[in-house]
Amino acid sequence: MAARGHVQDPNDRRLRPIYDYLDNGNNKMAIQQADKLLKKHKDLHCAKVLKAIGLQRTGKQDEAFTLAQEVATLEPTDDNSLQALTILYREMHRPELVTKLYEAAVKKVPLSEEYHSHLFMAYARVGEYKKMQQAGMALYKIVPKNPYYFWSVMSLVMQAISAQDEKLAQTMFLPLAERMVEKMVKEEKIEAEAEVQLYFMILERLGKCVEALEVIRGPLGEKLTSELQSRENKCMMLYKRLQRWPECNALAHKLLLKNPDDWQFYPAYFDSLFHLVDQSWSPPEEGEHCSEGSVHHTVVEVVRFVEERIKGEDNKESRSLRGPYLARLELMHRLRERGCPEESLLGEPLELMVQFFNKFGDKPCCITDLKIYLHLLSPEQHVQFINHLSEAVPLGNQEEEGFAFPEDTKALQRHLCVCQLSRALGLHHSLDVDGKLHLITELKAHYHHGLKFGKNALKTELQFSDMYCLMAAHVYIDLWTETGDEDMMWQCLGLLQEGLSHSPSNAQFKLLLLLLYCRLGAMGRVYTSWPNLSQNSCSVSNNGGI
């Protein structure tokens, strides 16, 4: 137990057996040992509390509480009793009693750093923010350490956050917190990154974006090192709020030069460009464009920048990064939305998406990357696009079933991506009944063939070819919806059950089965299947739908 390390002689030897029994879950023996010890040493308060813990854990809550209160009314100041009572009250879900415990201890031992810090934490557990503020300052006066001072500042911020009156937060709590931090800044006493983070939080809540930006870009901002690019991210956020689009553009440009695969800065780069275009912004004739450096304020400059990043990736010997290629599609999408003629500078969307597939088609993310840009293709290009992608999928010779299958998992992933994109474009839905039945036969054949790649997979792992099974199930549902043929539904249920036998952890199979059982009115199956689903499974499924 936590208190055990603080037991001091001569009681250490006496109390140790009780601690051991409690640690091992032998609560009855702990109670018996405490009774024996109390017969010899009636004033050993810690033994009473340990007995109360044993009683609490054996279901005798009333006896435990009565015994604990006997000790608490004596206002003990020994560390053993205080920590044991803290543990007991926590198990009783009575954290408010811990505050009273340490309030009494602090009165008796006013210079104890440990008791003051315990009192502060006790207030924190019950949300007594005003008392937290007072306890923090009292602790700082005893032991002038920065963390204690900023505990008090944070307590003020918490009072502002929890205040029902927003005006009170903006006119009293936050300004007071700001003044307290400014005092430490003027005295050059800021030491830790957390202190700068707190200062930034205060200024942000006060809406003082200019002052916050000065802090981040100044010497204090150099302390922000725990998170990658924390300083740059905060600057970017503030530039957007202040609508300083030149600085936003220049900073995004600099960061993308360092890491062209960092997607979070591409939207900021494009957003700032179009704001500058709308404002007809032009750089000054002399000097830097802005405090962050040069600004790309025309579409042509941004197109050139993106193309240069792609050229750099094409010339690499190692595998290319997806970021620049996705950025080109995103820029094309935005230019088309605005009706900009410069869209043609980027090329044909069909060719660009085929190029993207050729480079990244063996990655599971390729389908989600391309899916959001399929609208760039005209309806007449859909079949042509799928045909181009199919040509880039390495398949083996045709087997007895009349289908050619991928020979490794990378080729399988490419073929899966083509199938999923076909469905996303509506090509599966446009087939007639015979076409859909043939498609189901092909998908099932690919599913069964792909199972060989996951022979040694654990039960918690998914099969590489699971998505074939899921798509076939959806085509069965399409047929059932169109024709009303219930045989399609039963075929679908059988296929999904087969899929679960190979991938017991596949949440999408489970959820689709539940949906079908509900539509069939088979509630008994729903009740038996539902416990097999976890919240995590549902989350995974939502992130990985077709």
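Before reading further, recall that the structure is shown in the block above.
Nothing here was measured: the structure is a model prediction, and the numbers come from that model.

A. Seen up close, the packing of helix H20 (residues 382-391) against helix H21 (residues 409-424). Between H20 and H21, the least distance of the axes is 10 Å, while the angle of their chain directions is 175°. Classified by the angle between their axes, H20 and H21 sit roughly antiparallel to one another. Residue-level contacts link Phe 385, Ile 386, Leu 389 and Ser 390 of H20 to Val 418, Leu 421 and Ser 422 of H21. Across the contact of H20 with H21, the residue classes break down as five nonpolar, two polar and no charged.

B. Broad picture of helix H11 (residues 193-205). Taking 1.5 Å as the rise per residue, H11 with 13 residues should run 18 Å; its terminal C-alpha atoms sit 18 Å apart, in good agreement. For H11, the complete set of buried residues consists of Glu 193, Glu 195, Val 196, Leu 198, Tyr 199, Phe 200, Ile 202 and Leu 203. Structurally, H11 contributes buried residues whose contacts are with helix H9 (146-162), helix H10 (166-186), helix H12 (209-217) and helix H13 (230-242). Of the residues one or two after H11, Gly 207 is the one with positive phi, at around 75°.

C. Highlighting the packing of H12 against H13. Following both chains from N to C, one finds H12 and H13 inclined at 155°, their axes separated by 10 Å at the closest point. It follows that H12 is roughly antiparallel to H13 by the angle criterion. The way H12 lies across H13 gives a crossing that is left-handed. Contacts between H12 and H13 pair Cys 209, Val 210, Ala 212, Leu 213, Ile 216 and Arg 217 from the former with Arg 231, Lys 234, Cys 235, Leu 238, Tyr 239, Arg 241 and Leu 242 from the latter. When its residues are assigned to classes, the contact of H12 with H13 shows nine nonpolar, no polar and four charged.

D. Representation of the environment of Asp 362 within the structure. Along the chain, the position of Asp 362 falls in the loop between helix H18 (349-360) and helix H19 (366-371). Note on Asp 362: relative accessible area 15%, which makes it buried. With 47 residues separating them in the primary sequence, Asp 362 and Thr 409 have C-alpha atoms 8.2 Å apart. With sequence-adjacent residues up to four places away left out, Asp 362 is seen in contact with Arg 319, Lys 410, Gln 413 and Arg 414. At 2.6 Å, the side chain of Asp 362 and the side chain of Arg 319 are in polar contact.

About the criteria used
Think of each chain on its own: its residues are numbered from 1, step by step along the sequence as written. Predicted model: local features are reported for residues with pLDDT of at least 70 only, side-chain atom pairs are reported and counted for 80 or more only, and whole-chain, interface and lining totals are derived from all residues. Only heavy atoms go into the side-chain values, all of them from the structure, while hydrogens and water stay out. Axes here refer to lines fitted to C-alpha atoms; in helices the fit is confined to the stretch in contact. Angles between the N-to-C directions go from 0 to 180 degrees. In this text, helices come from DSSP runs of H or I with a minimum length of four residues, and strands from runs of E with a minimum of two, each type numbered from the N-terminal end. Each angle gets one of four labels, with under 35 degrees taken as roughly parallel, over 145 as roughly antiparallel, 65 to 115 as roughly perpendicular, and the rest as oblique. Contact criterion: two residues are considered in contact whenever any of their non-hydrogen atoms come within 4.5 Å of each other. Here the nonpolar group is Ala, Val, Leu, Ile, Met, Phe, Trp, Tyr, Cys and Pro; Asp, Glu, Lys and Arg are the charged ones; every other residue, Gly included, is treated as polar. An expected span of 1.5 Å times one less than the residue number is assigned to each helix. Classification of residues uses two cut-offs on accessible area relative to the type maximum, computed with a 1.4 Å probe and protein chains only: under 20% is buried, over 50% is exposed, and between them is partly exposed. Note on convention: near helix rotated counterclockwise from far helix by under a right angle means a left-handed crossing. Clockwise means right-handed. Identification of polar contacts relies on pairs of N or O atoms within 3.5 Å, with a donor-acceptor requirement for protein atoms, meaning one able to donate a hydrogen and the other able to accept it, and with residues adjacent in sequence counted only if both atoms are side-chain atoms.

Purely spatial values, then, with no claim about function.
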